[in-house]
Structures are given as C-alpha cells and as structure tokens.
There are 2 protein chains.
Amino acid sequence: MHRTKIRVTEDALDANETIARANRDDFDRAGVSVLNLMSAPGSGKTTLLERALKDLDSPRVGVLEGDVQGSLDADRLAGLHIPVTQLNTDSGFGGECHLDANMVHSAIPDLDLDEIDLLIVENVGNLVCPAEFRIGEDVKAMVASVAEGEDKPLKYPLMYRSCEMVVVNKIDLLPHVDFDMDRFLANVDAVNPGAEHLLVSARTGEGVDEWRAWLAGIPERAAAPA
Amino acid sequence: MHRTKIRVTEDALDANETIARANRDDFDRAGVSVLNLMSAPGSGKTTLLERALKDLDSPRVGVLEGDVQGSLDADRLAGLHIPVTQLNTDSGFGGECHLDANMVHSAIPDLDLDEIDLLIVENVGNLVCPAEFRIGEDVKAMVASVAEGEDKPLKYPLMYRSCEMVVVNKIDLLPHVDFDMDRFLANVDAVNPGAEHLLVSARTGEGVDEWRAWLAGIPERAAAPA
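Residues numbered from 1 in each chain as written. Chains lettered and ligands numbered in written order. Predicted model: local features only at pLDDT ≥ 70, side-chain atom pairs only at ≥ 80, totals over all residues. Heavy atoms only, no water.

So, about the packing of helix 2 (residues 45-53) of chain A against helix 8 (residues 208-216) of chain A. All names here are of chain A. Where helix 2 contacts helix 8, the two axes come as close as 9 Å, and the packing angle between them is 85°. Comparing the axis directions of helix 2 and helix 8 gives the class roughly perpendicular. When helix 2 is examined against helix 8, the residues Leu48, Leu49, Arg51, Ala52 and Leu53 are found in contact with a partner set consisting of Val208, Trp211, Arg212 and Leu215. (Axes fitted to C-alpha atoms, helices over the stretch in contact; angles between N-to-C directions. Helix = DSSP H or I, 4+ residues; strand = E, 2+ residues; numbered from the N terminus. Parallel < 35°, antiparallel > 145°, perpendicular 65-115°, else oblique. Contact = heavy atoms within 4.5 Å.)

See the structure below:
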C-alpha cells in the first residue's frame, strides 16, 4: 500500500512538472517574473506584502492569493490598487494544503499578465508540501517568524532548502521569545548553504525597505543570464 | 484531471477510515486513550508537553512524535522518562505533511501499550491535512499561538472544526502582538461553536496546571458513556 501511495505521488509530481513548464512559457511570453512566497501559517506574508507594495511603483506587481478557504488576505491587499486574484484550494474535499501548477494554470486567464511585470504568488501557509510543487516560478522565498523557533530549518529542511531567500520576520519580538538568531541562521546554512536572508519586522517597519528592494529586483535578476 | 485527483483522495480517506478503526480496536484492547495533538509549526506543542508531563504521574503517558524528519522533539521529551516513539514521514519522497492511520498503525508494535493509559500523538506541524486523517484517536486538540494572528480559525476552518479543545499558547506575547483575544475566540466559535479553550503560556507557566488537568482527564472522559 505504501508503495502505491508513493507511485501516485510521483506521477502527480511528474504531471506537475509538465504543467509548471507550460505556466513558465505563458509567463515568459508575457514578460512576467514570478515569485512563489511560502511560509507557515501566521508568519506574516500578507502583512509584509502590504508593507512593501504600498510604496512600490515599479515593477508593476500583481498578487495571486492561495488559501484553503476565504479571501481574507486578498481583501487586505485590495486597498493597494494592484491586481489581486484569489485562488482557493478547497474545492472537492477538505482542501489542498498547497498550490500546484495546475491550480495556478487555472488562474492564468484571470491574471492580467500584460498589466504586470512581477507576479507574487502567496502560497497556502504550510512548511511541507508547497516546497514539493513547482508552479512555474522564477524564484522561491519563504518567511519565517522568530516566534516559530530556531529549530524549524532542521524540522522542515525541504522548504528551507527550496528557497533562495529566507525572510526572518517579527524581529521586534526577539526580546520576548527564546530564539537565538545565530543558531537559526546556522540551521538555515546547514540545510541551504547558499540561501540569502533578510531580518525584518512588518510591525515596526525595520528591514522593510530592503525587502521591498529585493522584491523590486526580481525581474532584473530573472532576466540576467545564469 | 482534477476529478481524478479527488477520487484518489477519497479512496485514500476511505482506506484511512478502515485502518483508523483497526487502530482504535488495538487501543481499546489495551485500555489506552489517544489524543491527536495538532498545530501549525512552532506553536509550542512540544514545550507544552514538556511542561505538563514532567509533573504528571497518573495516568501513565506515552508520546508518539510525528515529524517529517529528525527526532528533535522526541529528544527534548527524552528527559521525562516516559516512553517516546519517533515516527518520521519522509520515507519515499519529500515527506508527508500529516500522520495517517497507516503510519500510526505501523508504529503500534513499538508502543508499549500495556505500560501506558494515555497515548499523545504529536502530529506534523500543519493546519490543513492532519485534520483530514483520523488515526484512531479518542479526542483531537490543537495549539494556536497568539503570534499566528486572530484570523486563523477562518483560514483553516477544518482544523479548528475538528478539535474539541483549542489551547491558545504564548499569551505572554499578547502585549507585543496585534492579537485581539475576543475576536479570535469569536472566530473559533464561528467555525466550531462547541469547542473548549484554554489560555496558556508554556514560557511563564500560566495555565499549564489547567492544561495538565485536561490531559489527565482524557481517559476518564473517553470511558464515560456518550
């Protein structure tokens, strides 16, 4: 039985790769770079996007909000006057715990790709499966909250390994939690030696300028020869 | 394609139900009550167990630790001198984001069921899929950290709906985060009107006595006629 389950999963991942490449072609034709932004629930992805995007004129950004249910995050971004599209994963049964390439593919007709240069896909809050499913992105980043603890890179290594950028959020809480930043960054380095990181607080605004600059640089970096 | 995926999932859930009932029979024969403890990554499940179990003599408790990789949490509990069994979900591919009945079934030979009255299963940190897979438990509980935000019951309703008990942890952080407890509890009530809750801080110890008493009462409540 376990063997069958693994084969189903491998088939699903193969199919996902094919559709992810099709998405990539669509994005390339439109000249749109794509960020897949992931994290655990409640790490602050949406707040960090609110903070960064309200003062970002160029590149032109659109957001695809992935959630199991509801449109709370999309509603929060509505005031930014940028295109925001909601994608829910709960059709059919209890709800998918991640976005896959086919779900993003189904949303492409709703994305005005000609109107944007950078698509930010806010994935479902989950440190496991989103890392396994490519969606046609140029770059993957994750947000880690200091409230989650310094051991998380070792407990969720695939997620930390899959991301080029680890944004460490809620650093305003550092005096109030047991979180050793040096040990956390050593844990990130242990599973993903090349990863960049930024230290930010969406609440106080510390580090948000650097985060905004990193987002703004995605299209240029994606266009540069590897 | 989406239809196929849903059918695969429904078949998997049917098979899971069958195995969960077999687990239940095994636990009943041994007179063991089972708690399925769930949460997002970093909400503090392990620390709350450390705090509660070090001063709990009766009932006799064993812990089954579910993690994608590693044994960090099991190692932390090793000092408690209670039986702790590690169950990793990463065999085969990137790692399952939840425990299912079959994984728990595979661990039963390693659990000294005759030596314990209460088995606490610490599920993989994830607010989506663990809620969909019964494992043969008597009761489901979840831990929510105030750092995660007050909107989470509305974003992950299946998880909040599946649990009889919501333990709100890290209340020592309340002065430092934007978290309206009344609104959070109203959100819990909106998706799960009958749910109990406890307010605790694993860091300061506030509410830990009530949490320990709730854990200790599981076998008696499970034995009471419905």
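All names here are of chain B. Ordered by their spatial adjacency, 7 strands build an open sheet running 3-2-4-1-5-6-7, and the pairing between neighbours is parallel. Only two strands of the sheet have a single neighbouring strand rather than two, namely strand 3 (84-88) and strand 7 (196-199). Strand-to-strand twist of the sheet, defined as the mean angle between neighbouring strand axes without regard to direction, takes the value 20°. Of the pairings in the sheet, the one linking strand 6 (residues 165-169) to strand 7 comprises 4 bridges and is parallel in character. (Pairing = 2+ DSSP bridges.)

All right, on to the side chain of Glu137(B) then. Residues and elements named next belong to chain B. Along the chain, glutamate 137 turns up in the loop between strand 4 (118-122) and strand 5 (139-145). Among buried charged residues, glutamate 137 stands out as having no salt bridge; its nearest opposite-charge side chain is arginine 134, 4.0 Å away. Among the polar contacts listed, one links the side chain of glutamate 137 to the side chain of asparagine 36, at a separation of 2.9 Å. A polar contact of 3.1 Å, which involves the side chain of glutamate 137, links it to the backbone nitrogen of isoleucine 135. Setting aside anything within four residues of it in sequence, one finds glutamate 137 in contact with Arg24, Val34 and Asn36. (Buried < 20%, exposed > 50% of the residue type's maximum accessible area, 1.4 Å probe, protein only. Lys, Arg positive; Asp, Glu negative; His and termini not counted. Salt bridge = Lys/Arg side-chain N within 4 Å of Asp/Glu carboxyl O. Polar contact = N/O pair within 3.5 Å; in protein donor to acceptor, adjacent residues only side chain to side chain.)

Residues and elements named next belong to chain A. Per the counting criterion, the structure on display carries 6 aromatic pairs over all chains. Judged by centre distance (6.1 Å) and plane angle (75°), the rings of tyrosine 160 and phenylalanine 184 are edge-to-face. You can see tyrosine 160 sitting in helix 6 (residues 157-162) and its partner phenylalanine 184 sitting in helix 7 (residues 181-191), a full 24 residues away along the chain. The exposure classification of tyrosine 160 matches that of phenylalanine 184, with both residues buried. (Phe/Tyr/Trp six-rings, centres within 6.5 Å; stacked < 30°, edge-to-face > 60°.)

Turning to the relation of the copies chain A and chain B, a few remarks are in order. The transform that puts chain A on chain B rotates by 180° and translates by 0.0 Å along the axis, for an RMSD of 0.0 Å. Such values leave the two copies arranged in the relation of a two-fold axis. Ranked by how close their C-alpha atoms come to the rotation axis, the residues of chain A are headed by Asn126(A), at 3.0 Å. Here 100% of the interface residues in chain A have copies in chain B that are interface residues too; the copies meet face to matching face. (Least-squares fit on C-alpha atoms with pLDDT ≥ 70 in both.)

Attention shifts here to the side chain of Thr85(A). Within the fold, Thr85(A) resides in strand 3 (residues 84-88). Not counting chain neighbours up to four residues away, the residues in contact with Thr85(A) comprise Val63(A), Leu64(A), Glu65(A), Asp110(A) and Leu111(A).

Below, the discussion takes up the sheet that holds strand 3 of chain A. All names here are of chain A. Spatial ordering of the open sheet is given by 3-2-4-1-5-6-7, a layout of 7 strands whose pairing is parallel. Each end of this open sheet is capped by a strand with a single partner; those strands are strand 3 and strand 7 (196-199). Ignoring which end each strand starts from, the neighbouring axes of this sheet average 20° apart. Where strand 2 (residues 61-67) meets strand 3, 5 bridges bridge the pair, whose relative direction is parallel. Bridging from a neighbouring strand, leucine 64 pairs with threonine 85 of strand 3. Strands in contact with helix 7 are strand 5 (139-145), strand 6 (165-169) and strand 7; relative to strand 6, the strand with the most contacts, it is inclined by about 160°. Contacting strand 1 (33-39), strand 4 (118-122), strand 5, strand 6 and strand 7, helix 8 crosses the sheet at an angle of about 145° to strand 7.

On to the interface of chain A and chain B, then. The partner chain B presents 52 residues to the 51 residues of chain A that form the contact. Remark: the boundary between chain A and chain B carries 6 salt bridges. With a shortest N-O distance of 2.5 Å, Asp73(A) and Lys155(B) are connected by a salt bridge. Here chain A is connected to chain B by 13 residue pairs in polar contact (both at pLDDT 80 or more). At the level of elements, helix 1 (2-30), helix 3 (72-77), helix 4 (101-107), helix 5 (152-155) and helix 6 of chain A are the ones that each hand at least two residues to the side of chain A that touches chain B. A class-by-class count of the residues in the side of chain A that touches chain B yields 24 nonpolar, 12 polar and 15 charged. (Nonpolar A, V, L, I, M, F, W, Y, C, P; charged D, E, K, R; others polar.)

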